[in-house]
Amino acid sequence: MRFGIHMPQKGGFARNVKRAVEIGCISLQLFVGNPTAWTPPRFDDEELEKRRLLLAEHGVYPLVVHASYLINLAAVKDEFYQKSCQLLWETARRANLLGSPYVVLHVGSHGGRGFKEGLSFFVDTLQRELENWPEGVELLLENTAGGGTSLGGSFIALGSILHKLKGAPVGVCFDSAHAWAAGYDLSSKEGVDKTAAELLEHVGIDNVKAIHANDSSTPRGSHRDRHAHLGEGYIGEEGLKAFLSYSWIDEIPVILETPEMGTKWDAINLERLRSFADNSATNI
Ligand SMILES: [Zn+2]
Ligand SMILES: [Zn+2]
């Protein structure tokens with residue numbers, strides 16, 4: 001497993017990379033722009049190339065790029081939909097320049113279309129978008145907390161998207177707190193085994209290319225996305241240990257998205273992550 005944190009945006013890129021490496025990160029995740037705004041930052045390609053070299057110098061791999069929360073590839077309003085496609089494409093282009101092999105995207109919401117139509121609209125959009133996709137960048141669909149009109153809360157939905165996009169550069173990023181909020185049990189070995197069996201059946205373990213290792217501060221099935229410091233939430237230490245011991249693919253990036261990022265908590269949570277994963281055979 002290649003442990004890393006979601007890097008804060010404040011504080012300067014070089015300084016944040018240095019700090020992350022000092023506390024033991026060998027992979028990282030970041031946003032390439034403001035996650036709640038449509039306009040990407042005005043970094044030129046040269047700056048992105050500098051950043052790519054800096055990450056390589058520090059041996060940080062892989063870099064995972066998280067797409068903006070605003071993007072919804074099943075949006076009903078045309079303006080929103082067009083902006084979503086455009087921003088996703090720009091995010092992938094930037095990920096490529098940064099040397100990142102993965103762009104993580106939330107599956108989004110059907111916005112009133114209904115689940116079946118929403119999913120097929122989402123798939124049709126991706127099929128088209130992936131035609132002009134930069135080589136070497138894979139789109140990872142992140143499971144979400146589900147509920148309401150959300151399309152990404154169930155493994156069945158994720159699996160059906162992957163099935164329809166067979167052969168395309170698409171995989172899954174598994175977020176433990178989101179799965180918990182969507183109703184999957186991860187709080188014990190039995191819970192993890194049952195959840196993993198469902199994941200295996202519908203998604204396939206080989207399709208899971210990245211992990212967000214988060215605890216949750218909301219009860220199971222709450223459909224609310226609130227992360228907790230590792231071991232202090234409802235999933236807890238026992239559950240996280242079982243989750244991290246599962247036979248994920250080798251060298252999988254395991255990213256922390258815990259509260260108070262950019263503070264001493266990064267080092268504390270990273271240390272907990274290491275110790276919880278200690279019994280994992282694929283641990284580096
Ligand atoms: Zn996410
Ligand atoms: Zn996540």
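Please refer to the structure placed before this passage.
Residues numbered from 1 in each chain as written. Chains lettered and ligands numbered in written order. Predicted model: local features only at pLDDT ≥ 70, side-chain atom pairs only at ≥ 80, totals over all residues. Heavy atoms only, no water.

*Asks:* How should I be thinking about the overall build of the chain in this particular structure?
*Replies:* In terms of regular secondary structure, the chain is built from 9 helices and 10 strands. For 284 residues, the compact-globule estimate of 2.2 N^0.38 gives 19 Å, and the chain sits close to it at 18 Å. Principal-axis analysis of the C-alpha atoms places the extent of the chain at approximately 45 × 45 × 30 Å. Burial status across the chain gives 54% buried among its 284 residues. Contacts in the chain between residues far apart in sequence, at least 24 positions, make up 77% of those at least 6 positions apart. As displayed, the chain offers around 12,300 Å² of accessible surface, 51% of which is attributable to carbon and sulfur atoms. (Helix = DSSP H or I, 4+ residues; strand = E, 2+ residues; numbered from the N terminus. Rg over C-alpha atoms; globule rule 2.2 N^0.38 Å. Buried < 20%, exposed > 50% of the residue type's maximum accessible area, 1.4 Å probe, protein only. Contact = heavy atoms within 4.5 Å. Areas by Shrake-Rupley, 256 points an atom, 1.4 Å probe, with all protein chains shown as cover.)

*Asks:* Could you clarify how one ought to interpret the sheet that holds strand β4 (residues 102-106) in this entry?
*Replies:* Remark on secondary structure: sheet strands pair via backbone hydrogen bonds, oriented parallel or antiparallel. With parallel pairing, 8 strands are arranged side by side around a closed barrel as β1-β2-β3-β4-β5-β6-β7-β10. On average, each strand axis in the sheet is tilted by 30 degrees relative to the strand beside it, whichever way the strands run. In the sheet, strand β5 (residues 138-142) pairs with strand β6 (residues 170-175) via 4 bridges, with the strands oriented parallel. The residue bridging L139 from the neighbouring strand is V170, located in β6. (Pairing = 2+ DSSP bridges. Axes fitted to C-alpha atoms, helices over the stretch in contact; angles between N-to-C directions.)

*Asks:* How should the coordination of the zinc ion (ligand 2) be read in this particular structure?
*Replies:* By definition of the ideal shapes, four donors in a tetrahedron about a metal sit 109.5 degrees apart, and six donors in an octahedron sit 90 or 180 degrees apart. Protein-derived ligands of the zinc ion (ligand 2) are E142 (OE), D175 (OD), H212 (ND1) and E257 (OE), with the metal-ligand distances lying across 2.0 to 2.2 Å. Mapped onto the sequence, the residues coordinating the zinc ion (ligand 2) show the spacing E-x32-D-x36-H-x44-E. In this structure, the zinc ion (ligand 2) lies 3.4 Å away from the zinc ion (ligand 1), the two metals sharing E142 as a donor. Residue D175 is found in strand β6, and its partner H212 is found in strand β7 (residues 208-212); the two are separated by 37 residues along the sequence. Classification of D175 as buried rests on a relative accessible area of 0%. (Donors = N, O, S within 2.8 Å, 3.2 Å for Na, K, Ca; no water.)

*Asks:* Would you mind showing me how to read the environment of G183 here?
*Replies:* Summarising the element assignment, G183 is placed in the loop between α6 (176-182) and α7 (189-202). Looking at G183, the relative accessible area reads 27%, which means it is partly exposed. Taking the C-alpha atoms as reference points, G183 and G171, separated by 12 residues in sequence, lie 21 Å from one another.

*Asks:* Looking at this structure, I do not really get the packing of aromatic side chains. What am I missing?
*Replies:* Summed over all chains, the structure comprises 9 aromatic pairs. Ring centres 5.7 Å apart and planes at 50 degrees place the aromatic pair F155 and F174 in the tilted group. Here F155 is found in helix α5 (residues 155-164), whereas its partner F174 is found in strand β6, with 19 residues between them in sequence. With respect to class, F155 is no different from F174; both count as buried. An angle of 65 degrees between the planes, with centres 5.3 Å apart, marks the rings of F243 and W248 as edge-to-face. Note on W248: relative accessible area 5%, which makes it buried. The structure contains a cluster of three or more aromatic residues connected by ring pairs, namely F155, F174, Y184, F243, Y246 and W248. (Phe/Tyr/Trp six-rings, centres within 6.5 Å; stacked < 30°, edge-to-face > 60°.)

*Asks:* Any chance you could explain the coordination of the zinc ion (ligand 1) here in plain terms?
*Replies:* Protein coordination at the zinc ion (ligand 1) comes from H66 (NE2), H106 (NE2) and E142 (OE), with a distance range of 2.1 Å. Mapped onto the sequence, the donors of the zinc ion (ligand 1) take the spacing H-x39-H-x35-E.

*Asks:* Explain helix α9 (residues 265-276) here, please?
*Replies:* The α-helix advances 3.6 residues per turn, and as a result positions three or four apart in sequence lie on the same side. Taking 1.5 Å per residue, 12 residues should reach 16 Å; α9 reaches 16 Å between its end C-alpha atoms and fits that length. For α9, every residue scored as buried is listed here: W265, D266, N269, L270, L273 and F276. Axial view of α9: buried residues confined to an arc of 130 degrees, hence all on one face. Here the buried face of α9 lies against β1 (2-6), α1 (13-22), α8 (236-245) and β10 (253-256). (Expected span 1.5 Å × (residues − 1). Arc of directions from axis to C-beta.)

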